[in-house]
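# Coordinate inspection notes
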Protein chains: 2
Amino acid sequence: MKYPNGIKTTGNKLINYSNRGMGLEHLIDDSNTYYLENDIAIIYKKPTPITIVDASFDSHGRVITKAYFKQPSTLDYNGIYKGRYIDFDAKESKNKTSFPLQNLHEHQYIHMKNVINHGGISFLIISINNNIYYLDGKDIINFIENETRKSIPISYIEDHGYIIEQKIRPRLNYLYILDLLYFKEDMYGCKKEKDNK
Amino acid sequence: MKYPNGIKTTGNKLINYSNRGMGLEHLIDDSNTYYLENDIAIIYKKPTPITIVDASFDSHGRVITKAYFKQPSTLDYNGIYKGRYIDFDAKESKNKTSFPLQNLHEHQYIHMKNVINHGGISFLIISINNNIYYLDGKDIINFIENETRKSIPISYIEDHGYIIEQKIRPRLNYLYILDLLYFKEDMYGCKKEKDNK
């Protein structure tokens, strides 16, 4: 059985990918296709990094016969919106009362800080307790640098984040939040970044 | 035998990856590491996209047991430099007198145009006839839209492109060309894009 993003069945046992955010990723991929087709933004999910151990040839061409998944050192999605560099990730939290920070690897956190320092926009889209939130990278950094807790309580996400509306087209209009935070003054000559704090 | 980027030996037969630009890619990856470590730019190579057909578990964790390479719909490298979105690819031309455009897939060409239309910077780094050139996306688009030829002659690359100097650190300072083309007036208040034509 073949799936586009690496979900598969082994015999009758469906591998559980829910902790990797597949449902949420599907909504985002679908929205990105909408943004691309309507010339709104160019945002792609990066392929999952793998380490190839063995490969050969078969009737379809080169075939990988042994490979392992690698831990990514960046976030999964990046691209360009209204001239700005965008870099983010999708996270599903099984915990309904807080978002465990172990879901954001250290490399990813450093990458997020780097992106913001270089003038890009970075954020997480977090699915938690039946809502999908936009949480800006600056708010994530503020939390991690000022708190000792190993998870972000939902109250912080509710206070600093934004619920992303689920619609038909696009399924998840997360760029609307960027419009509110970063592009409100974009129409007046000299581009001025609106800080989201 | 294990290699980071998917080169491998099948028995005694070394698969020839030279037409996929591995030597050039190594120079660029090395330069990107330099840029990252020195906080100059954040540019990563995207993992090669694959379609997973079969996977299972072994003692090391999840293992892919059958997968095929997919043709990428974007360019291989992207990231951020001086606040601008950067998107490019590395191409090695075996032909010494021209760069065959079949090396740039249609999806990649459309992607390049999209990126420029959205305010990003897109280009190719072309290794040809023992030199490594920067050729701006706008010049590639101009050529393709105004010429019927299926390859870019080296005279066009020499006239419109820029030789990238090979040094020790970084090995290939391609961002210097961006400085010349896009960031000369960057120090004066309101950011003004310098067109490279």
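Residues numbered from 1 in each chain as written. Chains lettered and ligands numbered in written order. Predicted model: local features only at pLDDT ≥ 70, side-chain atom pairs only at ≥ 80, totals over all residues.

### Considerations on the overall build of chain A
Per the secondary structure count, chain A includes five helices and 12 strands. For chain A, buried positions account for 36% of its 197 residues. When contacts within chain A are restricted to residue pairs at least 6 apart in sequence, those whose partners lie at least 24 apart make up 60%. (Helix = DSSP H or I, 4+ residues; strand = E, 2+ residues; numbered from the N terminus. Buried ≥ 20, exposed ≤ 12 C-beta atoms within 10 Å, placed from the backbone. Contact = placed C-beta atoms within 7 Å.)

### A closer look at the interface of chain A and chain B
Contacts between the two partners involve 38 residues from chain A, matched on the other side by 38 residues from chain B. Where the side of chain A that touches chain B is concerned, the elements lending two or more residues are β3 (41–45), β4 (50–58), β5 (61–69), β6 (77–81) and α2 (106–117) of chain A. Of the residues that constitute the side of chain A that touches chain B, the class distribution is 17 nonpolar, 14 polar and seven charged. Strand direction decides the pairing type here: β5(A) and strand β5 (residues 61–69) of chain B, joined by four bridges, are antiparallel. Each bridged residue has a counterpart across the sheet, and for A:I64 the counterpart in β5(B) is B:A67. (Nonpolar A, V, L, I, M, F, W, Y, C, P; charged D, E, K, R; others polar. Pairing = 2+ DSSP bridges.)

### Some thoughts on the relation of the copies chain A and chain B
Superposition record for chain A on chain B: RMSD 0.1 Å, screw rotation 180°, translation along axis 0.1 Å. Here the copies are linked by what is in effect a two-fold axis. A shared binding surface is used by both copies, with 100% of the interface residues of chain A retained as interface residues in chain B. (Least-squares fit on C-alpha atoms with pLDDT ≥ 70 in both.)

### Details of the nonpolar core
If you look at the biggest cluster of nonpolar residues, it comprises 78 residues, and the most contacted ones within it are A:I125 and B:I125. Leave out the neighbours within four places in its chain, and B:I125 touches B:L24, B:I28, B:F88, B:A90, B:I132, B:Y134, B:I164 and B:Y174. Counting six residues, the second-largest nonpolar core is a separate cluster that includes A:I52, B:I52, B:I64 and B:A67. (Core = buried A, V, L, I, M, F, W, Y, C linked by C-beta atoms within 7 Å.)

### As for the sheet that holds β4(A)
Pairing between the strands of a sheet comes from backbone hydrogen bonds, and it takes one of two forms, parallel or antiparallel. Across the sheet, which stays open at both edges, the four strands sit in the order β4(A)-β5(A)-β5(B)-β4(B) with antiparallel pairing between neighbours. Of all the strands in the sheet, just β4 of chain A together with β4 (50–58) of chain B have a single pairing partner and so form its edges. Between one strand and the next, the sheet's axes are offset by a mean angle of 25°, whatever the strand orientation. Looking at chain direction, β4(B) and β5(B) are connected through eight bridges and run antiparallel. Bridge pairing links B:D58 to B:G61 in β5(B). (Axes fitted to C-alpha atoms, helices over the stretch in contact; angles between N-to-C directions.)

### Looking at the environment of A:Y44
With respect to the helices and strands, the residue A:Y44 is situated in strand β3. C-alpha of A:Y44 to C-alpha of A:T33: the two residues are 11 residues apart in sequence and 8.6 Å apart in space. When near neighbours in sequence (up to four residues on either side) are disregarded, A:Y44 contacts A:N32, A:G79 and B:T74.

### A word on the environment of A:N78
Within the secondary structure layout, A:N78 lies in strand β6. Between the alpha carbons of A:N78 and A:K45 there is a distance of 6.7 Å; along the sequence they are 33 residues apart. Those residues in contact with A:N78, other than ones at most four positions away along the chain, are A:I86, A:D87 and B:N78.

### Some details on helix α2 (residues 106–117) of chain B
A turn of α-helix holds 3.6 residues, and therefore any two residues three or four places apart point the same way. Residue and element names in this part refer to chain B. Between the first and last C-alpha of α2 there are 17 Å, a value that for 12 residues agrees with the 16 Å anticipated at 1.5 Å per step. Here α2 has its buried residues at Q108, H111, M112 and V115. Burial along α2 is one-sided: seen end-on, the buried residues are contained in an arc of 105°. Residues E106, I110 and N117 are exposed on α2 and point more than 90 degrees away from its buried face. (Expected span 1.5 Å × (residues − 1). Arc of directions from axis to C-beta.)

### Some points on the confidence of the model for chain A
Residue and element names in this part refer to chain A. Confidence in the prediction of chain A, expressed as mean pLDDT, is 86, and 83% of residues score 70 or more. Note that pLDDT drops below 50 for residues 1–21; the model gives that stretch 25 contacts with residues more than four away or on any other chain. Segment residues 187–197 is flagged for pLDDT under 50; beyond a separation of four residues in sequence, or across chains, it makes 14 contacts in the model. This complex was scored by the predictor with a pTM of 0.83 and an ipTM of 0.83. (pLDDT = per-residue confidence, 0-100.)

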